[in-house]
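Coordinate inspection notes
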Amino acid sequence: MDCYTANWNPLGDSAFYRKYELYSMDWDLKEELRDCLVAAAPYGGPIALLRNPWRKEKAASVRPVLDIYSASGMPLASLLWKSGPVVSLGWSAEEELLCVQEDGVVLVYGLHGDFRRHFSMGNEVLQNRVLDARIFHTEFGSGVAILTGAHRFTLSANVGDLKLRRMPEVPGLQSAPSCWTTLCQDRVAHILLAVGPDLYLLDHAACSTVTPPGLAPGVSSFLQMAVSFTYRHLALFTDTGYIWMGTASLKEKLCEFNCNIRAPPKQMVWCSRPRSKERAVVVAWEKRLMVVGDAPESIQYKQLTIQVLLDRLVLRRLYPLAIQICEYLRLPEVQGVSRILAHWACYKVQQKDVSDEDVARAINQKLGDTPGVSYSDIAARAYGCGRTELAIKLLEYEPRSGEQVPLLLKMKRSKLALSKAIESGDTDLVFTVLLHLKNELNRGDFFMTLRNQPMALSLYRQFCKHQELETLKDLYNQDDNHQELGSFHIRASYAAEERIEGRVAALQTAADAFYKAKNEFAAKATEDQMRLLRLQRRLEDELGGQFLDLSLHDTVTTLILGGHNKRAEQLARDFRIPDKRLWWLKLTALADLEDWEELEKFSKSKKSPIGYLPFVEICMKQHNKYEAKKYASRVGPEQKVKALLLVGDVAQAADVAIERRNEAELSLVLSHCTGATDGVTADKIQRARAQAQKK
């Protein structure tokens, strides 16, 4: 029995523990860990070591080395550190290494040592330098908290969507706190710090003092603090050698333990055994390790999901294993195999020892039309690796033009982007490319490009008609399109010119363009408009009133309404207005004036070219039956019935219709017979019809 229990050690009164080696680390460290900045990712993730950091006793000429290992010590990357002094390292939830420099710049590296990006924690941090930093995780992402040389805190709760927050000042803080950490309460990141016997909680608006419930008396300083992975629990190590454990809200105490050691520990972290209700804090000194725990209620930890597991396999380039897991779990393609193949393709484009043709072919053969795979995303990765031609070849497999075009523009392959946009039939996409080309090319090259793309040219002309009229004129000039140039100058004479001289000059230019286009009708019509404008200006000068911009007919009408009949007739002769049209204009104008005497004179001036029925209609429109009857008698036989009906003389209209023996006219008159008054007339029409049928 002794052989089974010999390697178990007591832990308290009712528990035992044993320690045994699961595997040996494969790394070959040339320096002790105490001489390195160390960051280990959660869930058995990678370990980062920054060797030879900026220590006073180290030679300044020796460059630091950043090494990244797997959890078992397998080397993943090694690179010389060529940037500034680093204060802290930490891994994001996406397994990106965040390196916080003394100047507040944070450099981000991938699992294999590839540089991703960098960002700054702000000017205040730059000016006061970084004393200390923490990388922390929340439900929003991974954050960075900074303590500056001015003893102020700045943080961002999500480095993926950087929003810097300067935390409130701690009253009377003249030196760095003895310890501090980040908390996440009510979806908001806080700073908890210790200054002597006091604890302060900082949020975005205020600094408040907090007191742990049930804390043993005599504490003059807090030396270390640790928050659990879920941010639900907190451990405090005091200068009296006590470890206080409770909720992170500092509202409930779980337990307190006297470890009888007053020296500050090197590390203090929370841990838990899988499927166990026990919570524990592990405290480490130089040569001693202590586990302090309590077991009232269970703690719910956020487990590693299958998606995160797959992401980690992909980051380690274990694509076949990841695909096997997806197939075994029967995950939907978009969430499983497709996503992994897309990651594989993005890695494949980085293999610069393989030709562009071979890489593109291999990717297409592997991916085909796999749902959920975006060739444009893979092409973007290829372009980011400096392989533009490969990116173009990959885009040929992208079925969505809307995804092809933006990347082609980014790669400065604008003409190819224009062709793809036109093929798509998406006018908005074509406009996007056109505006990009306009800013990229000189004017001549831009116009030549449009000339070779009729659809694009047509769309750009439509744009210019509303936005850039001068550019539209240049387009017409380049194409020797005199017809459109003439139309352009016609519009310009009204839209851009206010002075009569300028408008006439623009119309003259339009007429010249129409002659060059061999459109004599448009040219002569334009010249007539110039003559009319000059005449209208003269009429305004001589008669007053407003004539400019009236049509020819309205000008004649205005003259008649003003009593200037001779000028109206002269204008009609000058512009060859047909007699019929002139009579209509004069008839309408005199009726509007209700100048019945002048209208009668006009009707007798000569035989009316429009007949006399219009006179009847116009008078009745003005509700003047008396005047209308004057002209009804002068209406010709063909329209006599209609004229008599207009003035209400049904009986006489019936006589005319019977005399003409016109069935249509008889029916028309009959439809106007109403009531007893027209009964005699209706009978008369019926008798006439009966006699006609006998014959």
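The text that follows walks through the structure, step by step, so that each part is easy to find. (Residues numbered from 1 in each chain as written. Predicted model: local features only at pLDDT ≥ 70, side-chain atom pairs only at ≥ 80, totals over all residues. Heavy atoms only, no water.)

**Some words on the overall build of the protein**
Applied cut-off: A run of H or I in DSSP counts as a helix once it spans at least four residues, and a run of E counts as a strand once it spans at least two, with each numbered from the N terminus. Radius of gyration here uses only the C-alpha atoms, and the compact-globule reference equals 2.2 Å multiplied by the residue count raised to the power 0.38. Buried means the residue's accessible area, taken with a 1.4 Å probe over protein chains only, is under 20% of the maximum for its type, while exposed means over 50%, and partly exposed covers the values in between. The contact rule is simple, with two residues in contact once any of their heavy atoms fall within 4.5 Å. Calculation of accessible area relied on Shrake-Rupley with a 1.4 Å probe; when residues are assessed, cover is drawn exclusively from the protein chains displayed. When charges are counted, Lys and Arg are positive and Asp and Glu negative, with His and the chain ends excluded. To locate a charge, take atom NZ for lysine, CZ for arginine, CG for aspartate or CD for glutamate.
Scanning the protein from N- to C-terminus turns up 27 helices and 25 strands. The C-alpha radius of gyration computed for the protein amounts to 47 Å, which surpasses the reference 26 Å derived for 695 residues by more than 25%, pointing to a less compact arrangement than a globule. Projected onto the principal axes, the alpha-carbon positions of the protein cover approximately 145 × 65 × 60 Å. Within the protein, the fraction of its 695 residues that count as buried is 43%. For the protein, the share of sequence-separated contacts (at least 6 apart) that also reach a separation of at least 24 residues comes to 42%. Here the protein has roughly 38,200 Å² of accessible surface; of this, 50% comes from carbon and sulfur atoms. For the protein, the distance from the average site of its 90 positive side-chain charges to the average site of its 86 negative ones is 2 Å.

**Quick notes on the sheet that holds strand β6 (residues 75-80)**
Definition in use: The rule for pairing is simple: two strands pair if DSSP sees at least two bridges between them. To obtain an axis, a line is fitted to C-alpha atoms, over the contacting stretch when the element is a helix, and the angle between two such axes runs from 0 to 180 degrees between their N-to-C directions.
Strands sit in the order β3-β4-β5-β6 across an open sheet of four strands; the sheet is antiparallel. Only two strands of the sheet have a single partner each, and these edge strands are β3 (37-40) and β6. Averaged over all pairs of adjacent strands, the angle between strand axes in this sheet comes to 10°, irrespective of strand direction. By the bridge criterion, five bridges tie strand β4 (residues 47-51) to strand β5 (residues 65-69) in an arrangement that is antiparallel. Residue A48 lies in a different strand from β5, and its bridge partner there is I68.

**Some thoughts on the nonpolar core**
Spelled out, the test is: For our purposes a nonpolar core is just a set of buried Ala, Val, Leu, Ile, Met, Phe, Trp, Tyr and Cys residues, chained together by side-chain atoms within 4.5 Å.
Core analysis: the biggest nonpolar cluster contains 50 residues, and I363, L367, I378, L394 and L434 have the highest contact counts within it. Tallying contributions element by element places helix α5 (residues 337-348) first for this core, with six residues. Setting aside its immediate chain neighbours within four residues, L434 contacts L418, F446, L450, A456, L459 and Y460. Membership of the second largest hydrophobic core comes to 35 residues, among which are L587, A591, W596 and A632.

**Things to note about the packing of helix α3 (residues 306-315) against helix α4 (residues 319-329)**
Our working rule: These descriptions rest on fixed angle ranges, namely under 35 degrees for roughly parallel, over 145 for roughly antiparallel, 65 to 115 for roughly perpendicular, and the rest for oblique. Here a crossing is taken to be left-handed if its near helix is turned anticlockwise relative to the far helix by less than a right angle, and right-handed if that turn runs clockwise. Gly is placed with the polar residues, together with every amino acid not listed as nonpolar (Ala, Val, Leu, Ile, Met, Phe, Trp, Tyr, Cys and Pro) or charged (Asp, Glu, Lys and Arg).
Viewed as axis vectors pointing N to C, α3 and α4 meet at an angle of 155°, and their least axial separation amounts to 8 Å. Put simply, α3 runs roughly antiparallel to α4. Handedness of the crossing formed by α3 with α4: left-handed. Here I306, L310, L313 and V314 of α3 come into contact with α4, specifically with Y319, L321, A322, I325, C326 and L329. Grouping the amino acids of the contact of α3 with α4 by side-chain chemistry returns 10 nonpolar, no polar and no charged.

**A closer look at helix α23 (residues 625-632)**
This is how the line gets drawn: The arc in question is the one traced by the directions running from the helix axis out to the C-beta atoms.
Those residues of α23 that fall on the buried side of the exposure criterion are E627, A628, Y631 and A632. For α23, the angular spread of buried residues about the axis comes to 145°, placing them on one side. Buried residues in α23 make contact with α21 (596-605), α22 (613-621) and α24 (637-646).

**Things to note about the pairing of strand β9 (residues 105-109)**
The buried count for β9 comes to five of five residues, which makes it a mostly enclosed element. Side chains V105, L107 and Y109 of β9 all project onto a buried face; the interleaved residues V106 and V108 project onto the opposite face, where all are buried too. Bridging between strand β8 (residues 97-101) and β9 involves four bridges; their strand directions are antiparallel. Across the sheet, the residue bridging to V100 is V106, located in β9. Count of turn residues in the β8/β9 antiparallel hairpin: three residues, of which G104 carries a positive phi of about 90°. Inspection of the sheet shows β9 paired to strand β10 (residues 115-120) by five bridges, in the antiparallel sense. Residue pairing for β10: V108 is matched across the bridge by R117. The loop that links β9 with its antiparallel partner β10 comprises five residues; one of these, G113, has a positive phi angle of about 80°.

**Examining unusual backbone geometry**
With phi around 65°, Y231 is a residue other than glycine that occupies positive phi space. Tracing the backbone shows Y231 in the loop between β19 (222-227) and β20 (233-238). Residue classification places Y231 among the buried residues on the basis of a relative accessible area of 14%. A positive phi is found at L250, a non-glycine position, where the angle reads about 60°. Within the secondary structure, L250 sits in the loop between β21 (242-247) and β22 (253-258).

**What to know about helix α18 (residues 552-561)**
Those residues of α18 that sit buried are T555, V556, T557, L559 and I560. Phi turns positive one or two residues past the end of α18, at G563, with a value near 85°.

**Considering the pattern of salt bridges**
What counts, and what does not: Salt bridge criterion: a side-chain nitrogen from Lys or Arg within 4 Å of a carboxyl oxygen from Asp or Glu.
Per the stated rule, a full pass over the model turns up 25 salt bridges. One salt bridge in this structure joins K253 and E256, with 3.0 Å as the shortest N-O distance. For K253, a relative accessible area of 33% gives the class partly exposed. Owing to a relative accessible area of 24%, E256 belongs among the partly exposed residues under this scheme. Note that E627 is salt-bridged to K630, the shortest N-O span being 3.2 Å. Of the two residues, E627 and K630 both sit in helix α23, three residues apart, roughly one turn of that helix.

**Overview of a nonpolar patch on the surface**
Quick reminder of the rule: Exposure above 30% relative accessible area and no salt bridge define the residues that can form patches, which grow by joining like charges within 9 Å and nonpolar side chains of Val, Leu, Ile, Met, Phe, Trp and Tyr within 5 Å.
A grouping of Y20, L22 and Y23 is seen on the molecular surface, where their side chains present a nonpolar patch of about 390 Å² in accessible area. With respect to the helices and strands, Y20 occurs in the loop between β2 (15-18) and β3.

**Some remarks on the pairing of β19**
The element β19 is largely enclosed, with a buried count of five among its six residues. As paired strands, β19 and β20 are joined by five bridges and run antiparallel to one another. Following the sheet pairing, A226 is matched in β20 by A235. What sits between the antiparallel neighbours β19 and β20 is a turn of five residues, in which Y231 has the positive phi angle 65°.

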